[in-house]
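# Structural description and commentary
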Amino acid sequence: MKKRVLSLILAVVLACALATPAGAYDMGKIGSQNRVSVGGEHAAYIDKDNTLWMWGWNNRGQLGNSTTENFSTPVKVMENVCAVSCGLWNTAAIRTDGSLWTWGNGQSPQKILEDVVSVSCGVQYPGAIKKDGSLWVWGDAWKNRYSYLGINEDFHSPVRRMDDVAAFSSGILPAVIKTDKTLWLWANVTPEVYPQYIMQGNPAVEKVLDDVSALSCGHYDGMAAIQADGSLWTWGSNRFGELGIGNKETGENFEFKKIMDQVTSVSVGNGYMCAVKEDGTLWAWGVNMWGNLGNGRVSNDSLMMTSRDDWGPYLIQTTPVKVAGNVAEVHAGGENETMYTIIVKSDGSLWYCGICQAESIGSLVPGNQKLNLNYFNGEFAIQTVPAMIPGISVAPTAYPSTQTVDVDGKAIEFQCYALKEGNGMTNYIKLRDLADILNGSAVQFEVGWNGNVTITTGKSYTKNGSEQNTPFSGNRTYKEVTDQTMVDGKAADLAAFTLTDDAGGGYTYYKLRDLGAALGFKVDWTAERGIFIETK
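This report concerns the structure included in the present document. No experiment lies behind these values; they were computed from the predicted model shown. (Residues numbered from 1 in each chain as written. Predicted model: local features only at pLDDT ≥ 70, side-chain atom pairs only at ≥ 80, totals over all residues. Heavy atoms only, no water.)

This part covers the pairing of strand S43 (residues 522–526). As judged from the 5 bridges shared by S43 and strand S44 (residues 530–534), these two strands associate in the antiparallel manner. Following the sheet pairing, valine 523 is matched in S44 by isoleucine 533. Taking the residues between adjacent antiparallel strands as the criterion, S43 and S44 are bridged by 3 residues. (Pairing = 2+ DSSP bridges. Helix = DSSP H or I, 4+ residues; strand = E, 2+ residues; numbered from the N terminus.)

The next thing to look at is unusual backbone geometry. Not every positive phi belongs to a glycine, and asparagine 50 is a case in point at roughly 65°. Note on placement: asparagine 50 falls in the loop between strand S3 (42–46) and strand S4 (52–56). For asparagine 50, a relative accessible area of 25% puts it in the partly exposed group. One non-glycine residue, lysine 181, lies in the positive phi region at around 70°. Structurally, the position occupied by lysine 181 is in the loop between strand S15 (174–178) and strand S16 (183–186). (Buried < 20%, exposed > 50% of the residue type's maximum accessible area, 1.4 Å probe, protein only.)

Our focus in this paragraph is the sheet that holds strand S5 (residues 71–78). Strand order in the open sheet made by the 4 strands is S2-S3-S4-S5, with antiparallel pairing throughout. Each end of this open sheet is capped by a strand with a single partner; those strands are strand S2 (36–38) and S5. Strand-to-strand twist of the sheet, defined as the mean angle between neighbouring strand axes without regard to direction, takes the value 15°. (Axes fitted to C-alpha atoms, helices over the stretch in contact; angles between N-to-C directions.)

To continue, consider the pairing of strand S17 (residues 205–209). In terms of burial, S17 is largely enclosed, as 4 of its 5 residues are buried. Taken together, the 4 bridges between S16 and S17 define a ladder with antiparallel strand orientation. Note that in S17 the partner of leucine 185 across the bridge is glutamate 206.

We now examine the packing of aromatic side chains. Under the criterion given, the structure shown has 9 aromatic pairs. Taking the centre distance of 6.3 Å and the plane angle of 50° together, the rings of tyrosine 340 and tyrosine 352 count as tilted. A residue pair is termed long-range when its members are at least 10 positions apart, and tyrosine 340 in strand S28 (residues 338–345) and tyrosine 352 in strand S29 (residues 349–356) qualify at 12 residues. The buried category is assigned to tyrosine 340, whose relative accessible area is 0%. Through pairs of rings, three or more aromatic residues link up here, namely Tyr417, Tyr428, Tyr478, Phe497 and Tyr509. The side chain of arginine 95 reaches across the aromatic face of tryptophan 101, ending 5.5 Å from its centre. Here arginine 529 stacks its cationic end above the ring of phenylalanine 532, 4.1 Å away from the centre of that ring. (Phe/Tyr/Trp six-rings, centres within 6.5 Å; stacked < 30°, edge-to-face > 60°. Lys NZ or Arg CZ within 6 Å of the ring centre and 35° of its normal.)

Right, let's talk about the sheet that holds strand S11 (residues 127–130) for a bit. Taken in spatial order, the 4 strands line up as S10-S11-S12-S13 in an open sheet, and their pairing is antiparallel. Edge positions in the sheet fall to strand S10 (116–120) and strand S13 (159–162), since each has one partner strand and no second. Neighbour-to-neighbour, the strand axes of the sheet open up by a mean angle of 30°, direction not taken into account. Relative to S13, strand S12 (residues 135–137) runs antiparallel, the two being bridged by 3 bridges. Of the residues in S13, the one forming a bridge with valine 137 is valine 159.

Moving on, we come to helix H4 (residues 512–519). One turn of an α-helix holds 3.6 residues; hence residues three or four places apart share an orientation. Taken together, the buried positions of H4 are occupied by Leu512, Leu515, Gly516 and Leu519. Seen along its axis, H4 keeps its buried residues to an arc of 100°; they face one direction. (Arc of directions from axis to C-beta.)

This is the structure in structure tokens:
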């Protein structure tokens, strides 16, 4: 069944490859929201104050600032934003109150939904997930260029078409991850008739993979999914080597191909893919004509494009290559022959590689190489290795995790958040969780707040109901604690950060070893016990 479904999908998208422009495709990940997004020729990011900024082409009003003027530098668009998705010529954003706003094609930002937690614009058919797990979809941009805004019945307002959805990604066709972590694709549906299927509630979806945590849907070029064990799987077209399987053969690529392990983030661009591993390394493969892979425009294969014979060989990389380190996430995009990659480092800084046209996404970096192609009427710059975009950053990301700790011989599973530090992940434990676990022991302590976090040793802990039950939904942005943590009235040098939960409550996280040193209990590790705490 899997092979039949995927072969039908691939046949459909290859048939449409020459008729449809390519674009950007956000990763859909369970419990995660995109704070950076790359569209056809425009990009967006949300800063640490939840303000949305955009730059690039604006010929259709996709920047949402009431003009059609292109901007080489970011312009402020909207405040109180927690997620953004850029399509080809449109944009959608979720505000912190859960409202969903869309704009583009001359339309200013308009609210179309409430209680939204995730959105993906894709190429033609946007969709959003509400808090209750329902999937809402809209758009028929093949027939009406305004329809992907979802602003009235004539333009296909959002309709509810699926429940129990945990993640959604839209490329030329969409896919969903359900709450049971199964991956579902729309099968045997061409883009021309897809709106009829999904708008009329046609259940033309089939399960194709189990235990999936994230996915990214591309153009005709392919799709990728990350399973819960961190393994990355690709499928679809392979004409540019974008499946990462070591060749550019386009034959039997309907089955899922395992590419690598320990992957946390993936983005399918226009003929290429990028992935981030648990150790923070960035890997890329596929089309490399514009240096968009970020490896110095080094490739292991090429392809002559008959429609672009004045370009020379079309450079491609058929196997994943390591590009950079200390990376948190990656976003691939572009339209037609322009390709861009924006990299988010662990510290929240944004880096860029790809084509460097004026008034476009790549206008913020000068480029490190020059190309001269007749198609572009002369010489232009490209950035072939990641270059930091000056003056732009997003709040860094903390990742949900669990850590089993032996506490005086009893195994306790802590709900943690991990930061990418160096070449790996470091778990931080919520202070109130630890206080609750150690309450009644010889090293019990109370937690308070007086403008600083206060810890009083030897005093029993007072619960507030959040212990081991913090209502977080996936990855969170965090803020480093700059104020001192006070232990028995004295300042303690403890690295810490704060997270805000879905209800607006703030919680502080610390390294377990630091707390042990400050509060007088032993923290260590052995092969037999793993991480353990001794309070006696």
